[in-house]
Amino acid sequence: INTNNLKLTISAASKKQYPENDWPEIALAGRSNVGKSSFINTLLNRKNFARTSGQPGKTQLLNFYNIDDQVHFVDVPGYGYARVSKKEREKWGKMIEEYLTTRENLRAVVSLVDIRHEPSEDDIMMYEFLKYYHIPVILVATKADKIPRGKWNKHESVIKKSIKFDSTDDFVIFSSADKTGIEEAWQAILKYL
Ligand code: GTP
Ligand code: MG
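About the cut-offs
- Residues numbered from 1 in each chain as written.
- Chains lettered and ligands numbered in written order.
- Predicted model: local features only at pLDDT ≥ 70, side-chain atom pairs only at ≥ 80, totals over all residues.
- UniProt positions renumbered as here; feature names shortened; annotations may be inferred.
- Helix = DSSP H or I, 4+ residues; strand = E, 2+ residues; numbered from the N terminus.
- Rg over C-alpha atoms; globule rule 2.2 N^0.38 Å.
- Buried ≥ 20, exposed ≤ 12 C-beta atoms within 10 Å, placed from the backbone.
- Contact = placed C-beta atoms within 7 Å.
- Core = buried A, V, L, I, M, F, W, Y, C linked by C-beta atoms within 7 Å.
- Pairing = 2+ DSSP bridges.
- Axes fitted to C-alpha atoms, helices over the stretch in contact; angles between N-to-C directions.
- Right-handed = clockwise from strand over helix to strand, strands pointing away.
- pLDDT = per-residue confidence, 0-100.
- Expected span 1.5 Å × (residues − 1).
- Arc of directions from axis to C-beta.

Going by the annotation in an unreviewed UniProt entry, the name recorded for the chain is Probable GTP-binding protein EngB, with Lactococcus allomyrinae given as the source organism. The chain has a UniProt comment under Sequence similarities (unreviewed entry) that states "Belongs to the TRAFAC class TrmE-Era-EngA-EngB-Septin-like GTPase superfamily. EngB GTPase family."

1. Let's talk about the overall build of the chain
The helix and strand inventory of the chain stands at five helices and seven strands. Along the chain, helices (α) and strands (β) appear in the sequence β-β-α-β-β-α-β-α-β-α-β-α when read from the amino end. Expected size for 193 residues packed as a compact globule is a radius of gyration near 16 Å; at 16 Å, the chain falls within 12% of this value. Oriented by its inertia axes, the alpha-carbon framework of the chain measures out at about 45 × 40 × 35 Å. For the chain, the proportion of its 193 residues judged to be buried stands at 34%. A separation threshold of at least 6 residues defines the contact pool for the chain, and within that pool the share at least 24 residues apart is 74%.

2. A few points about the nonpolar core
By size, the foremost hydrophobic cluster in this structure holds 40 residues, and its most contacted members are Ala27, Leu28, Phe39, Val110, Ile138 and Val140. Ranked by the residues each element gives to this core, the list is headed by strand β5 (residues 106-114), at six residues. Those residues in contact with Leu28, other than ones at most four positions away along the chain, are Lys36, Phe39, Ile40, Phe73, Val74, Asp75, Val76, Val110 and Leu112.

3. Focus: the sheet that holds strand β3 (residues 62-67)
As summarised here, the arrangement of the seven strands in space is β1-β3-β4-β2-β5-β6-β7, forming an open sheet in which the pairing is mixed. On the outer flanks of this sheet lie β1 (6-12) and β7 (170-173), each paired with one strand and no other. Along the sheet, successive strands turn relative to each other by an average axial angle of 20°, direction set aside. Where strand β2 (residues 25-30) lies against β5, six bridges are found, and the strand directions are parallel. Bridge assignment links Glu25 to a residue of β5, and that residue is Leu106.

4. Focus: the pairing of β7
Bridge count between strand β6 (residues 137-142) and β7: four bridges; the pairing is parallel. Each residue of the ladder has a partner; that of Val140, found in β7, is Val172. Handedness of the β6-helix α4 (residues 152-163)-β7 crossover: right-handed.

5. Focus: the confidence of the model for the chain
Summarising the model, the chain shows a mean pLDDT of 93, and 96% of its residues fall at 70 or more. For this predicted complex, the interface score ipTM comes out at 0.99, while the overall pTM is 0.95.

6. A look at helix α3 (residues 121-132)
Here α3 is 12 residues long and its end C-alpha atoms lie 16 Å apart, about the 16 Å a rise of 1.5 Å per residue gives. For α3, the complete set of buried residues consists of Asp123, Met126, Tyr127 and Leu130. Considered in projection along α3, the buried side chains sweep an arc of 95° and stay on one side of the axis. In α3, those exposed residues whose orientation departs by more than 90 degrees from the buried face are Glu121, Glu128 and Tyr132. His134 sits one or two residues past α3 and shows a positive phi near 55°.

Laid out in structure tokens, this is it:
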């Protein structure tokens, strides 16, 4: 895969806008501000391809990023942002559910959690949802630069325990700030392509 050949295919709100091809898709999930867009940029070695912003809750559409006319990374708006109306949350829920439960191209979901904290209720719910629908998960504990390396193992155990991690899924410790885990993340993703 040539990671220099990148385009935004479409920002979609619903099914009829999804790309009409059979390329495999890897979707990103995680709470607002956890680092989903940064993860995409880091893997693709770009500064600002997937839009990151200091404004949580900004990404309100499914962004289909074309990687070398072979794969789509699908950046999904984050959950758990408090300052979103009930109506918007419902719209969000429908959009995500429609995508995750009906999209045949979907191969796996990269689910991001913050390595510093115990998974939130929403993190746990998302993981259970993905497991329920038999969608393979790559659980990425990101912002690893924020805690000392000596504590990574302990935090990994806490996260796995609280989320009831399925050992057939992959687990990757990651940081977009210092590029920890790029190789491991790519390896995990390539298994599904
Ligand atoms: P939404 O699109 O709002 O759901 O957020 P997102 O999950 O795409 O998060 P985004 O990638 O925009 O990152 C949010 C903030 O966290 C930005 O200020 C990033 O610079 C920062 N950030 C992301 N990943 C890391 C990381 O690994 N380490 C550190 N220190 N900061 C990070
Ligand atoms: Mg984003």
